[in-house]
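# Results of the structural survey
In case you want the letters, here they are:
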Amino acid sequence: MQAIERARAGDSEALADILRSAHPRLVAYFAGSGPQRADAEDLAAHTLEAVVTSIHKLKNPLAFEGWFWQIARYSFRGWIRRTRRPARFEPSYAPGAGPEDAIHLSDEHTQIRTALEMLSPKDRSLLWLRDVEELSYEEIGGRVGSTVGTVRVAYHRARKRLEEAYGALEQDD
Amino acid sequence: MSTSPMDDLKAYAASLTDSVSMAETDAVVAGVLRAPRGGRQPVKQRVTAVGVVIATFLSANVGLAAASQNAAPGDALYGVDRAYERIAEFVGISDSRTEERLQEANDLANRGDASAALAAASAALEAVSSSLEDPGSDSYREAANSIRQASEEITHAIPASGNSRPEFVNDMMTETRMIVELAHQLRDAAKTAGNASDAAKELNDRAKELSERAKNEKANNSDKENPKDSKDNSRP
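Note that the structure is a prediction, hence the values are computed from the model and not measured. (Residues numbered from 1 in each chain as written. Chains lettered and ligands numbered in written order. Predicted model: local features only at pLDDT ≥ 70, side-chain atom pairs only at ≥ 80, totals over all residues. Heavy atoms only, no water.)

## Some points on the overall build of chain B
For clarity, the cut-off: The helix and strand labels rest on DSSP assignments: H or I over at least four residues marks a helix, E over at least two residues marks a strand, and numbering proceeds from the N terminus. Any residue under 20% of the maximum accessible area for its type is buried, any over 50% is exposed, and the rest in between are partly exposed; the area is computed with a 1.4 Å probe on protein chains only. Whether two residues touch is decided by their heavy atoms; if any such pair falls within 4.5 Å, the residues are in contact. Residue exposure ignores everything except the shown protein chains as possible cover, and the areas themselves are Shrake-Rupley values with a 1.4 Å probe.
Of the regular secondary structure elements, chain B holds 10 helices and 0 strands. When its helices and strands are written in sequence order, chain B yields α-α-α-α-α-α-α-α-α-α. Taking all 236 residues of chain B together, 44% fall into the buried category. Sequence separation of 24 or more characterises 67% of the internal contacts of chain B that already satisfy a separation of 6 or more. Of the roughly 11,800 Å² of accessible surface on chain B, 55% is carried by carbon and sulfur atoms.

## Looking at the overall build of chain A
Scanning chain A from terminus to terminus reveals 9 helices and 0 strands. For chain A, the N- to C-terminal ordering of α and β elements is α-α-α-α-α-α-α-α-α. In chain A, buried positions account for 51% of the 173 residues. Taking contacts inside chain A between residues at least 6 apart in sequence as the whole, the part at least 24 apart equals 67%. Approximately 8,100 Å² of chain A is accessible, and the part contributed by carbon and sulfur atoms is 51%.

## Re the environment of A72 of chain A
Residue and element names in this part refer to chain A. Considering the arrangement of structural elements, one finds A72 in helix α4 (residues 64–83). Along the chain, A72 and T47 lie 25 residues apart, while their C-alpha atoms are 5.6 Å from each other. The residues touching A72, leaving out its near neighbours within four places in the chain, are L26, Y29, F30 and T47.

## Considerations on unusual backbone geometry
Residue and element names in this part refer to chain A. Despite not being glycine, E134 has its phi angle at roughly 55 degrees, a positive value. One can find E134 in the loop between α7 (121–132) and α8 (137–141). On the basis of relative accessible area, E134 is assigned to the exposed category, the value being 57%.

## Remarks on the packing of aromatic side chains
All names here are of chain A. Put simply, the rule is: Classification of ring pairs rests on two measures: the distance between centres of Phe, Tyr or Trp rings, Trp counted by its six-membered ring, which must be within 6.5 Å, and the angle between planes, read as stacked under 30 degrees, edge-to-face over 60 and tilted in between. For a ring to carry a charge above it, either NZ of a lysine or CZ of an arginine must fall within 6 Å of the ring centroid while also lying within 35 degrees of the normal to the ring plane.
In this structure the tally under the stated criterion is 10 aromatic pairs over all chains. Judged by centre distance (5.6 Å) and plane angle (25 degrees), the ring pair of F64 and F68 falls under stacked. With F64 and F68 both in helix α4 and 4 residues apart, this pair spans about one turn of that helix. No difference in accessibility class separates F64 from F68, as the two residues are buried. Site record: aromatic cluster; members linked through ring pairs are Y29, F30, F64, W67, F68, W69, F76 and W79. Above the face of the Y137 ring, R130 is positioned so that its terminal group lies 4.3 Å from the ring centre.

## A few points about the interface of chain B and chain A
Worth spelling out the cut-off: When two parts are put together, the accessible area they lose, computed with a 1.4 Å probe and summed over both, is reported as buried area. What makes a salt bridge here is a side-chain nitrogen of Lys or Arg within 4 Å of a carboxyl oxygen of Asp or Glu, nothing more. Contacts described as polar in this section are N or O atom pairs within 3.5 Å, which, within protein, must combine one atom able to donate a hydrogen with one able to accept it, while residues neighboring in sequence count only if both atoms come from side chains.
Each partner contributes to the interface: chain B provides 48 residues, whereas chain A provides 55 residues. Between chain B and chain A, the buried area comes to about 4,600 Å², and carbon and sulfur atoms account for 61% of it. Our count for the contact surface shared by chain B and chain A stands at 0 salt bridges. At the surface where chain B touches chain A, the tally comes to 4 residue pairs in polar contact (both at pLDDT 80 or more). Within the residue set of the side of chain B that touches chain A, elements represented by two or more residues are α1 (5–18), α2 (22–33), α9 (166–191) and α10 (197–225) of chain B. Here the element with the most residues in the side of chain B that touches chain A is α9 of chain B; it accounts for 12 residues.

## Some words on the environment of G162 of chain B
All names here are of chain B. Mapped onto the fold, G162 is located in the loop between α8 (138–156) and α9. The spacing of G162 and A114 is 48 residues in sequence and 7.1 Å in space, taken between C-alpha atoms. If near-sequence neighbours (up to four positions away) are discounted, G162 is found in contact with A114 and S115.

## Remarks on the environment of A116 of chain B
Relative to the helices and strands, A116 of chain B is located in helix α7 (residues 114–132). A116 of chain B sits 11 residues away from A105 of chain B along the chain, and the two C-alpha atoms are 7.3 Å apart.

## Examining the side chain of S151 of chain B
Assignment of secondary structure puts S151 of chain B in helix α8. Not counting the four nearest positions on each side in its chain, S151 of chain B is found in contact with S122, L125 and E126 of chain B.

## Some remarks on the pattern of salt bridges
All names here are of chain B. Scanning all chains against the criterion turns up 21 salt bridges over all chains. Put simply, R101 and E104 hold a salt bridge, and the shortest N to O gap is 2.6 Å. Of this pair, R101 and E104 are both found in helix α6 (residues 97–111), 3 residues apart, which corresponds to roughly one turn of the helix. R101 gets classed as buried once you look at its relative accessible area, which sits at 3%.

## As for the nonpolar core
Test applied: For this analysis, a nonpolar core means a set of buried residues of the types Ala, Val, Leu, Ile, Met, Phe, Trp, Tyr and Cys, connected via side-chain atoms within 4.5 Å.
Counting residues in each nonpolar core, the largest one holds 93 residues, and the members touching the most others are F30 of chain A together with L132 and L203 of chain B. Sort the elements by how many residues they give to this core and helix α2 (residues 12–33) of chain A lands first, with 12 residues. Ignoring anything within four residues of it in the chain, the contact list for L203 of chain B reads L132, A143, I147, I179, L182, A183 and L186 of chain B.

## Thoughts on the side chain of H109 of chain A
Counting through the fold element by element, H109 of chain A comes out in the loop between α5 (99–108) and α6 (110–117). In this view, H109 of chain A contacts D8, A11, Y12 and S15 of chain B; residues no more than four positions away in its chain are not counted.

## Topic: the confidence of the model for chain A
Keep this limit in mind: Each residue gets a pLDDT score, which is the predictor's confidence in that residue and runs from 0 to 100.
In this model, chain A carries a mean pLDDT of 82, and residues with pLDDT of at least 70 account for 83%. No element of chain A has a lower mean pLDDT than α5 of chain A, at 48, and none a higher one than α2 of chain A, at 93.

## Considerations on the packing of α6 of chain B against α7 of chain B
Residue and element names in this part refer to chain B. Here is the rule we go by: In this analysis, axes come from line fits to C-alpha atoms, helices being fitted only over the stretch in contact, and the angle between any two N-to-C directions falls in the range 0 to 180 degrees. Should an angle fall under 35 degrees it is taken as roughly parallel, and over 145 as roughly antiparallel, whereas 65 to 115 is taken as roughly perpendicular and any remaining angle as oblique. Working rule for handedness: look at the near helix, and if it is turned counterclockwise from the far one by less than a right angle, call the crossing left-handed; if clockwise, right-handed. Asp, Glu, Lys and Arg are counted as charged, while Ala, Val, Leu, Ile, Met, Phe, Trp, Tyr, Cys and Pro are counted as nonpolar; the rest, among them Gly, fall into the polar class.
It is the contact of α6 with α7, at a shortest axis distance of 8 Å, that shows an interaxial angle of 165 degrees. By the criterion of interaxial angle, the relationship of α6 to α7 is roughly antiparallel. For α6 against α7, the interelement crossing comes out left-handed. Here R97, T98, R101, L102, E104, A105, L108 and A109 of α6 lie close against α7, whose contacting residues are A116, A117, A120, A121, A123, A124, A127 and V128. Class assignment for the residues of the contact of α6 with α7 results in 12 nonpolar, 1 polar and 3 charged.

This is the structure we're talking about:
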């Protein structure tokens, strides 16, 4: 929290720390929500740029998480609009990992990745923010657009769709 | 060995997060913190697609060929591209003008052409404000007016010398992107008859804030360009 306060006040070291901790999560969010890895990296950098240029406008440091992910979602929605193409997935192995690790990781997450692929980018993004980033419904709703109730309903529908897709894949095995 | 999808999702997320190396993060953060910022994402893919459509248009419309002569600095396709957009928009099959202007603004900012980038950002706002007028509610109109006002203020804030502060250009680029994004969300909300008035208000507020900042920038610019108007006469 102090780091956010300092970054808002113009402390570039504090800002750099925030960006460093946010970057891998952003890449994961974008890559997990649909865009190819290279696009995910672009989107992450773009989101960080927007954070840098507007952090001084963040009024309440406590609202940072919601504010931050709102920016990420703007970027993501912009991407969906620009590309207007169904999302595809790439294998998600660490660049430094050996081939066995790569295969292992790839196998390990095939089911969830395939299940995610069956959902819309919006559903994936919603599940990610709620279950991975653990944002509240209020934070996900943000200042624009959706009420808490709407987000809650959308989330539960998305979750049901994921569970169904996941279950169907399990039966196929 | 059945796991819950939510646990699996979390594990998958962790593997993706771990796949980002520290070196990569450091490089990105260093790049982001180093000005100038303002854009990315080349439009190369789009140019090809646009080219195909243009060819069709050109064969059907000689007037368009004349319009394509009107090229701005940069790509040869630039003028053709714009002419295509205008026609597409005129016949109501496209709403790409905002996006294209925004992309140009990004590209120009990347090239370091600050005043042209600001002009393109202003054009993007102008385009998005026109696109908002359709739904016709008061809150939309108000937001559209504020955006149009913001668009004008940006152009006023371009100094005669053309040397805008990079921070100001970055700021305007980010805000413009946000406003365009919000406007798109607002229109989506209108389609689903959601409660759009909050969104319209947010958009309105943002546009007004942008106007204010552009006005301040203009005031700063004129102080610099006309030092004799200020009380400090000691400067050369």
